[in-house]
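Chain by chain, the residues run as shown.
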Amino acid sequence: LSQGLTRPIQRIVQDAEAIARGDLDRRVPPSSASELAVLERSINTMVERLKASMQALQSSEERYRAVVETQSEFIARFRPDGTHIFANDAYCRYFGKTCSEIVGRRFVPQIPEADRALVEAHFRSLTPHNPSANIEHRLILPGGEIRWQQWNDRAFFDDKGKVVEYLSVGRDITHRRMAEEALRRSEEKYRELVESA
């Protein structure tokens, strides 16, 4: 009696351990004991539901990637140390790199000295109660060209309030900033002419 009960339980334990290691095609074979048969059916049902959920999640991630990859905005996810978890093609191209040179590596774009304090204060301002904010600042591209960007950054926190990841969505606004600067200079010249007349 003891062996008749112990062997099926050991078999169920082995099957459950294999499933826990990721073998979702593993099935718990039926048992003659009614209580064990209920347990086996429950495990098999749970595995089928888990498999369906994982397939739905994978399909959802593929749709998400297809949408994100076709965006002209720069999109990146990275850890606080600058290690990139994701970067879309537009982001990688903008910095003159392939995505394999950025994703999975620490990549921090070069920021002019005058803008560094502003950028650091911006990221420090993100909190669990205020996780998202916009910023405009300059970057130095690999060839040395300085360009203006506008970013929306969102921080994600663990249950202790520590930042675990950032999501940044940005775009180049250099032409807009140049037009604003030209307009400002024109207005200054116009004021000077009016005052001297």
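Everything here concerns the structure above.
Thresholds applied
- Residue numbers here run from 1 along each chain, matching the order of that chain's written sequence.
- Given that the model is predicted, a residue must reach a pLDDT of at least 70 before its local features are reported, and side-chain atom pairs must reach 80 or more before they are shown or counted; all residues, however, enter totals for whole chains, interfaces and linings.
- Hydrogens and water are ignored here; the side-chain numbers use all heavy atoms of the structure.
- By salt bridge we mean one thing: a side-chain nitrogen of Lys or Arg within 4 Å of a carboxyl oxygen of Asp or Glu.
- Each helix is a run of DSSP H or I of at least 4 residues and each strand a run of E of at least 2, with the numbering of both proceeding from the N terminus.
- For every residue, the accessible area obtained with a 1.4 Å probe (protein chains only) is divided by the maximum for its type, and the residue is called buried under 20%, exposed over 50%, and partly exposed between those limits.
- Two strands are said to pair when DSSP picks up at least two bridges between them.
- Every angle, taken between N-to-C directions, lies between 0 and 180 degrees, and every axis is a line fitted to C-alpha atoms, over only the stretch in contact when it is a helix.
- Residues count as neighbours in contact if any of their non-hydrogen atoms are within 4.5 Å of one another.
- Expected span of a helix: the number of residues minus one, times 1.5 Å.
- Read the arc as the range of directions from the helix axis to the C-beta atoms.
- Take the buried Ala, Val, Leu, Ile, Met, Phe, Trp, Tyr and Cys residues and link them wherever side-chain atoms come within 4.5 Å; each set so joined is a nonpolar core.

**Description of the pattern of salt bridges**
Tallied over the full model, the rule gives 14 salt bridges. Taking the shortest distance from any N to any O, the salt bridge between R77 and E165 comes out at 2.7 Å. Of this pair, R77 sits in strand β1 (residues 74-78) while E165 is found in strand β5 (residues 163-172), placing the two residues 88 residues apart along the sequence. Accessibility expressed as a relative area gives 23% for R77, which makes it partly exposed. E165 gets classed as buried once you look at its relative accessible area, which sits at 17%. Between E180 and R177 there is a salt bridge whose closest N-O contact spans 3.9 Å. Of this pair, E180 and R177 are both found in helix α6 (residues 174-196), 3 residues apart, which corresponds to roughly one turn of the helix. Looking at E180, the relative accessible area reads 39%, which means it is partly exposed. Given the relative accessible area of 23%, R177 is considered partly exposed.

**What to know about the sheet that holds strand β4 (residues 146-157)**
Reading across the sheet, the 5 strands line up as β2-β1-β5-β4-β3 and stay open at both edges, with antiparallel pairing between neighbours. A strand with exactly one partner marks an edge of an open sheet, and here the two such strands are β2 (84-87) and β3 (132-140). Adjacent strand axes in the sheet meet at a mean angle of 25 degrees, parallel and antiparallel pairs treated alike. In this structure, β1 lies alongside β2, joined through 3 bridges in antiparallel fashion. In the strand pairing of β2, R77 is matched with F86. The strands that helix α5 (residues 113-124) touches are β1, β3, β4 and β5; relative to β3, the one it contacts most, it runs at about 160 degrees.

**Considerations on α5**
Spanning 12 residues, α5 covers 18 Å between terminal C-alpha atoms, matching the ideal 16 Å at 1.5 Å per step. Listing the buried residues of α5 in full gives D115, V119 and H122. The buried residues of α5 all sit within an arc of 55 degrees when viewed along its axis, so they share a single face. Facing away from the buried side of α5, by more than 90 degrees, are the exposed residues E113, A117 and R124. Close packing links the buried residues of α5 with β3 and β4.

**Observations concerning the nonpolar core**
Counting residues in hydrophobic clusters, the biggest one holds 22 residues, and the most contacted among them are F74, Y91, F95, I102, W151 and Y166. Breaking this core down by element, the ones donating at least two residues are β1, α3 (89-94), β3, β4 and β5. The biggest single contributor to this core is α3, with 4 residues. For W151, the residues in contact, after removing those within four places along its chain, are F74, Y91, A133, N134, I135, H137, L139, S168, V169 and G170. I12, I19, I43 and V47 belong to the second-largest nonpolar core, a separate cluster that totals 6 residues.

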